[in-house]
Amino acid sequence: MDARPETPEPVDRLCHIADVHFWTVERNPLRLLNKRFLGNLNVLLRRRREYRTEIVDAYADHVAELAFPIVLQTGDLTSTALDDEFLRAARFLRRLRDLGPDVIAIPGNHDVYTFESVRKRRIARHLDGLIPADDLPARRTLPGGTPLILVPTVRPNILSSRGEVDADTVAKTRALVEAAPDPLIVAGHYPLLTTTHGYATSWSRRLIGADRLRDALGATGKRILYVCGHVHRFSYEQDDRWPNLQHLSTAALVQRRPRQQTDGAFTEIHAIPDGFRVFQHVRAAAWSRTEAAPRPHVPDAT
Ligand SMILES: [Fe+2]
Ligand SMILES: [Fe+2]
């Protein structure tokens, strides 16, 4: 049950989807002579059972029925950045866009999984017109006027799954935020908090420079919702250092979680004049929608 009535009317209403992870089992040994060996193993052991990408069109239909003007996709459309995975990702996003919502997409670390995939500009070739053509960070404006700042956080790695936001990107992001009216949304692939009530990240999966970006956003004094994926878990927290900053991560769109008996999730975000409202959509036997309140962030010891 929703905790509050539906008023006031949101200024902007958007759908956040994350971590679709289209996957392919690679059988050509020559294409496994890099990090893809690990990714392929992961697909064989887990992903093909958990990530039911065959139901993604039905989920897109459901999102379209809810008439969101905007769908924000924060990366990890693929598993090992192969052409076949990108072809399916592009088809999914174009189909979704044809159903109504405007789609804004940024890459995740799996979309730049190997140095080879980056060298071949695979993401730019397949997602032309779907990912920003301009350099990130960049600002978009949602139909109701809410600013959305897109932050680049991903890079290829030899083995780990680390992301990075360098000092120059932090400074540019801060300048974009300072020039924008608030409340505003900032989106990246990686979370800025390492541990929340919803997830805990290991060292090898974290964002280098996360704290620097977090403090830069907080210091602007603007009311900000930082939105990410990567952790495959829902989490909505109030920053303990910065009263003007909230953090939202969205669960993976088509992930089956047998213990929870759920088959996927996405998040509905309302920008309202004095901040944000967040609604969790979860698929069990049917879709449910529940408003979430931000939980106070408890800093971890690491
Ligand atoms: Fe990721
Ligand atoms: Fe992911």
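Note that the structure is a prediction, hence the values are computed from the model and not measured.

The rules we used
Residues numbered from 1 in each chain as written. Chains lettered and ligands numbered in written order. Predicted model: local features only at pLDDT ≥ 70, side-chain atom pairs only at ≥ 80, totals over all residues. Heavy atoms only, no water. Helix = DSSP H or I, 4+ residues; strand = E, 2+ residues; numbered from the N terminus. Buried < 20%, exposed > 50% of the residue type's maximum accessible area, 1.4 Å probe, protein only. Phe/Tyr/Trp six-rings, centres within 6.5 Å; stacked < 30°, edge-to-face > 60°. Lys NZ or Arg CZ within 6 Å of the ring centre and 35° of its normal. Donors = N, O, S within 2.8 Å, 3.2 Å for Na, K, Ca; no water. Axes fitted to C-alpha atoms, helices over the stretch in contact; angles between N-to-C directions. Parallel < 35°, antiparallel > 145°, perpendicular 65-115°, else oblique. Left-handed = near helix turned anticlockwise from the far one by under 90°. Contact = heavy atoms within 4.5 Å. Nonpolar A, V, L, I, M, F, W, Y, C, P; charged D, E, K, R; others polar. Tetrahedral: all angles 85-135°; square planar, octahedral: opposite > 155°, others 65-115°. Pairing = 2+ DSSP bridges. Core = buried A, V, L, I, M, F, W, Y, C linked by side-chain atoms within 4.5 Å.

A. Looking closely at unusual backbone geometry. For the bond running from L136 to P137, omega is 5°, close enough to zero to count as cis. Mapped onto the fold, P137 is located in the loop between α5 (122–126) and β4 (138–141). Residue P183 is bonded to the preceding D182 through a cis peptide linkage, with omega at 5°. The residue P183 is located in the loop between α6 (167–178) and β7 (184–187) in this model. For H21, which is not a glycine, the phi torsion comes out positive at approximately 55°. Residue class for H21 comes out buried when judged on its relative accessible area of 0%.

B. Here's a closer look at the packing of aromatic side chains. Following the criterion strictly, the structure yields four aromatic pairs and no others. The ring of W203 is capped by R162, whose NZ or CZ atom sits 4.0 Å from the centre of that ring. Cation over ring: R289 sits above F279, and NZ or CZ is 4.0 Å from the ring centre.

C. Just the coordination of the iron ion (ligand 2), in detail. The coordination sphere of the iron ion (ligand 2), as far as protein atoms go, consists of D19 (OD), H21 (NE2), D76 (OD) and H232 (NE2), spread over 2.1 to 2.3 Å. A separation of 3.5 Å is found between the iron ion (ligand 2) and the iron ion (ligand 1), which are bridged by D76. Within this pair, whereas D76 is found in the loop between β2 (70–73) and α3 (83–98), its partner H232 is found in the loop between β9 (224–228) and β10 (235–238), the two being separated by 156 residues in sequence. The residues D76 and H232 share a single accessibility class, namely buried.

D. Focus on the packing of helix α2 (residues 56–65) against α3. Relative orientation of the contacting elements α2 and α3 amounts to 25°, with a least axis distance of 10 Å. The orientation of α2 relative to α3 falls into the category roughly parallel. Here α2 runs over α3; the crossing is right-handed. Between α2, through V56, D57, A60, D61 and V63, and α3, the contact on the second element is made entirely by R91, F92, R95 and L96. Among the residues forming the contact of α2 with α3, the class breakdown is five nonpolar, no polar and four charged.

E. Spotlight on the coordination of the iron ion (ligand 1). Only D76 (OD), N109 (OD1), H189 (NE2) and H230 (ND1) from the protein coordinate the iron ion (ligand 1), and they sit 2.1 to 2.2 Å from it. Coordination geometry of the iron ion (ligand 1): the four donor atoms subtend angles of 86 to 154° at the metal centre, consistent with an arrangement described as irregular.

F. Structural view of the sheet that holds strand β15 (residues 295–296). Pairing within the open sheet is mixed, and its seven strands lie in the order β4-β5-β7-β9-β11-β10-β15. In this open sheet, the two strands that pair with only one neighbour each are β4 and β15. Here β7 pairs with β9 via four bridges, running parallel. Residue pairing for β9: V186 is matched across the bridge by Y226. The strands touched by α6 are β4, β5 (147–150), β7 and β9; relative to β5, the strand with the most contacts, the crossing angle is about 175°. Across the sheet, helix α7 (residues 210–219) is in contact with β7, β9 and β11 (245–249); its angle to β11 comes to roughly 135°.

G. Representation of the sheet that holds strand β12 (residues 265–272) in the model. Across the sheet, which stays open at both edges, the six strands sit in the order β3-β2-β1-β12-β13-β14 with mixed pairing between neighbours. Single-partner strands in this sheet number two, and they are β3 (102–105) and β14 (287–292). Put simply, the sheet's adjacent strands are angled 25° from each other on average, direction ignored. Across eight bridges, β12 lies against strand β13 (residues 275–283) in antiparallel orientation.

H. A look at the nonpolar core. Counting 34 residues, the largest nonpolar core has I17, F92, L96, L127, L253 and F266 as its most contacted members. Of all the secondary structure elements, the ones that give two or more residues to this core are β1 (12–17), α2, α3 and β3. In terms of residue count, α3 provides more of this core than any other element does, six residues in total. Residues within four places of F92 in sequence aside, it is in contact with I17, V20, F22, V56, D57, A60 and L253. By size, the runner-up hydrophobic cluster in this structure holds 20 residues, among which are L248, A271, V278 and A292.

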